[in-house]
Amino acid sequence: MNFGRGPSVVLNVGGTRYSFSREVLKDFPLRRVSRLHGCLSEQDVLEVCDDYDRERNEYFFDRHSEAFGFIMLYVRHGHLRFVPHMCELSFYNEMIYWGLEGSHLDYCCQRRLDDRMSETCTYYAAEEPKGGPEGKGRRPPAAEGGKWLERMRRTFEEPTSSVAAQVLATVSILFVIVSMVVLCASTLPEWRAPENRSVEEQSRYTAESVREPSGIIEAICIGWFTAECIVRFIVSKNKCEFVRRPLNIIDLLAITPYYISVLMTVFTGENSQLQRAGVTLRVLRMMRIFWVIKLARHFIGLQTLGLTLKRCYREMVMLLVFICVAMAIFSALSQLLENGLDLGTKNKDYASIPAACWWVIISMTTVGYGDMCPITVPGRILGGICVVSGIVLLALPITFIYHSFVQCYHELKFRSARYSRSLSAEFLN
């Protein structure tokens, strides 16, 4: 230690004193305390603590003494837990002050902290960089432009970041709903084109369909989605990362079929291949169902589902392996008991193992359509075992997926509240 005298130093935290040797402070686990070792003057010391007594070489911190006592238990024993009868957020604030993070807490306390944060929508940031009023001069034009792009990016990416973002998200949701209604209505017999049209009539109908009310509404929706996607691409920080995001890929899959169908209509004309192209056009138009997934950008629930599937892919693979192994075993046994043995009665539904796999799947998932069922006594016993084993095998990984879903929901909810809180503070400042 480059400041002070004596072989030891005293930390006074809220009236409770702790004595340490100088060498201990050098590698102290608490970042704020270890900073005392490098102080060269009393001014440097007062930047770390609240007051300093030169005569007793005592450093005073106006903080919660009981909370610091629990933090010292972490320093000694490596376990950090909340103080009983103390607010989790207040204790977390003490942790940040002394240089600890939420990851230092025990797992049970981390869950409590996440739940508390998600309920109160509170965001605790790290220490702000110290810059006095003199450092708040006029920003250069480049910084102003970057701030504008950041606001635009948050407006399009975070629906809860501002009023404009909420309005934009509402309009986008309305366009999705309208496009889905038009898509569903276009399959009604009154809206659907007859299948027995001639090639010339089909060509004329395809060319004129764009001028119909449904075609106009579809073109307006596509124009909105295209403009939204282009603007989001322009204001994005990393263009390559923007292209690789799953939601942006879904946007591209939802928009591209419309332009492909228009180009095919223009270039095909009255070609003899139009009937085949008509089937392709119907498939491309039906791909508009991907627009429903665009709602994931505005609803935390759908985002939670996607993030859970991303994090739990190992559990999902394990679940599929369980089903495949059980399906291979039970389908082979059911085919043998129902059709393979010469018992006088043969069930034609189980003529092969692939055919029996369908029965195994609907039995293990307890769907039971009834289109296939065993008729022999051994087959029915096997069916009961198949149903029970399906319940057990499906229940094993579900617990991990459920806990991951809850954790992902709290994280996304907290992140949404954080963006809203930080941007509101920015506008106020």
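Predicted model, so just to flag it, every value in this text is computed and none were measured. (Residues numbered from 1 in each chain as written. Predicted model: local features only at pLDDT ≥ 70, side-chain atom pairs only at ≥ 80, totals over all residues. Heavy atoms only, no water.)

A.B. asks: Kindly report on the packing of helix 4 (residues 65-77) against helix 5 (residues 88-98), identifying the contributing residues and their values.
C.D. replies: Where helix 4 contacts helix 5, the axes come no closer than 10 Å and their chain directions differ by 65°. By crossing handedness, the relation of helix 4 to helix 5 is classed as right-handed. Judged by residue contacts, A67, F68, F70 and I71 of helix 4 engage F91, E94, M95 and W98 from helix 5. Here the residues of the contact of helix 4 with helix 5 are counted per class, giving 7 nonpolar, no polar and 1 charged. (Axes fitted to C-alpha atoms, helices over the stretch in contact; angles between N-to-C directions. Helix = DSSP H or I, 4+ residues; strand = E, 2+ residues; numbered from the N terminus. Left-handed = near helix turned anticlockwise from the far one by under 90°. Contact = heavy atoms within 4.5 Å. Nonpolar A, V, L, I, M, F, W, Y, C, P; charged D, E, K, R; others polar.)

A.B. asks: Please set out a nonpolar patch on the surface residue by residue, giving values where relevant.
C.D. replies: On the surface, F299, L302, L305, L309, F405 and Y409 cluster together into a nonpolar patch covering about 510 Å² of accessible area. Breaking the nonpolar patch down by element, the ones donating at least two residues are helix 14 (300-311) and helix 17 (377-428). When residues of the nonpolar patch are assigned to their parent elements, the largest contribution, 3 residues, is made by helix 14. Within the secondary structure, F405 is located in helix 17. (Patch = residues over 30% accessible without salt bridge, like charges linked within 9 Å, V, L, I, M, F, W, Y side chains within 5 Å. Areas by Shrake-Rupley, 256 points an atom, 1.4 Å probe, with all protein chains shown as cover. Salt bridge = Lys/Arg side-chain N within 4 Å of Asp/Glu carboxyl O.)

A.B. asks: An account of the sheet that holds strand 4 (residues 58-61) is needed here, citing residue identities and associated values.
C.D. replies: Overall, mixed pairing links the 4 strands, which are arranged 2-1-4-3 in an open sheet. Two strands lie at the open edges of the sheet, namely strand 2 (16-21) and strand 3 (51-53), each paired on one side alone. In this sheet, adjacent strand axes meet at a mean angle of 20° when their direction is disregarded. Pairing geometry for strand 1 (residues 8-13) and strand 2, over 6 bridges, is antiparallel. By the bridge assignment for strand 2, N12 is matched with R17. Relative to strand 2, helix 4 is tilted by about 35°, and along the sheet it contacts strand 1 and strand 2. (Pairing = 2+ DSSP bridges.)

A.B. asks: Which residues make up the environment of V45, and what values do they have?
C.D. replies: Here V45 is to be found in helix 3 (residues 42-48). Considered as a pair, V45 and Y59 are 14 residues apart in the sequence and their alpha carbons are 8.4 Å apart.

A.B. asks: Tell me about the nonpolar core, residues and numbers included.
C.D. replies: Counting 39 residues, the largest nonpolar core has Y59, F61, F91 and W98 as its most contacted members. Where this core is concerned, the elements lending two or more residues are strand 1, strand 2, helix 3, strand 4, helix 4, helix 5 and helix 6 (107-120). For this core, the leading source of residues is helix 5, giving 7 residues. Those residues in contact with F91 that sit more than four places away from it in its chain are A67, F70, I71, L80, R81, F82, V83, M86 and L105. (Core = buried A, V, L, I, M, F, W, Y, C linked by side-chain atoms within 4.5 Å. Buried < 20%, exposed > 50% of the residue type's maximum accessible area, 1.4 Å probe, protein only.)

A.B. asks: Please provide a residue-by-residue account of the packing of aromatic side chains, values included.
C.D. replies: According to the stated counting rule, one finds 12 aromatic pairs in the structure shown. Taking the centre distance of 4.5 Å and the plane angle of 45° together, the rings of F68 and W98 count as tilted. Linking F68 in helix 4 with W98 in helix 5, this pair joins segments that are 30 residues apart in sequence. A ring pair is formed by Y350 and W359, whose centres lie 5.6 Å apart and whose planes are at 75°; its orientation type is edge-to-face. Here a set of aromatic residues connected by ring pairs shows up, and it is made of Y18, F61, F68, Y97 and W98. Lying across the ring of Y97, R32 places its NZ or CZ 3.8 Å from the centre. When the ring centre of F233 is taken as reference, the NZ or CZ atom of K239 above it lies at 5.9 Å. (Phe/Tyr/Trp six-rings, centres within 6.5 Å; stacked < 30°, edge-to-face > 60°. Lys NZ or Arg CZ within 6 Å of the ring centre and 35° of its normal.)

A.B. asks: Outline the pairing of strand 4, listing residues and values.
C.D. replies: Here is the key point about a regular strand: its side chains alternate between the two faces of the sheet. With 4 bridges joining them, strand 1 and strand 4 adopt parallel strand pairing. Counterpart to V10 in the pairing with strand 4 is E58. Two strands pair when backbone bridges link them, and strand 3 and strand 4 are joined in this way by 3 bridges, in the antiparallel orientation. Across the sheet, Y52 pairs through a bridge with Y59, a residue of strand 4. Hairpin connection, strand 3 to strand 4: the antiparallel pair is bridged by 4 residues, and N57 has positive phi, about 50°.

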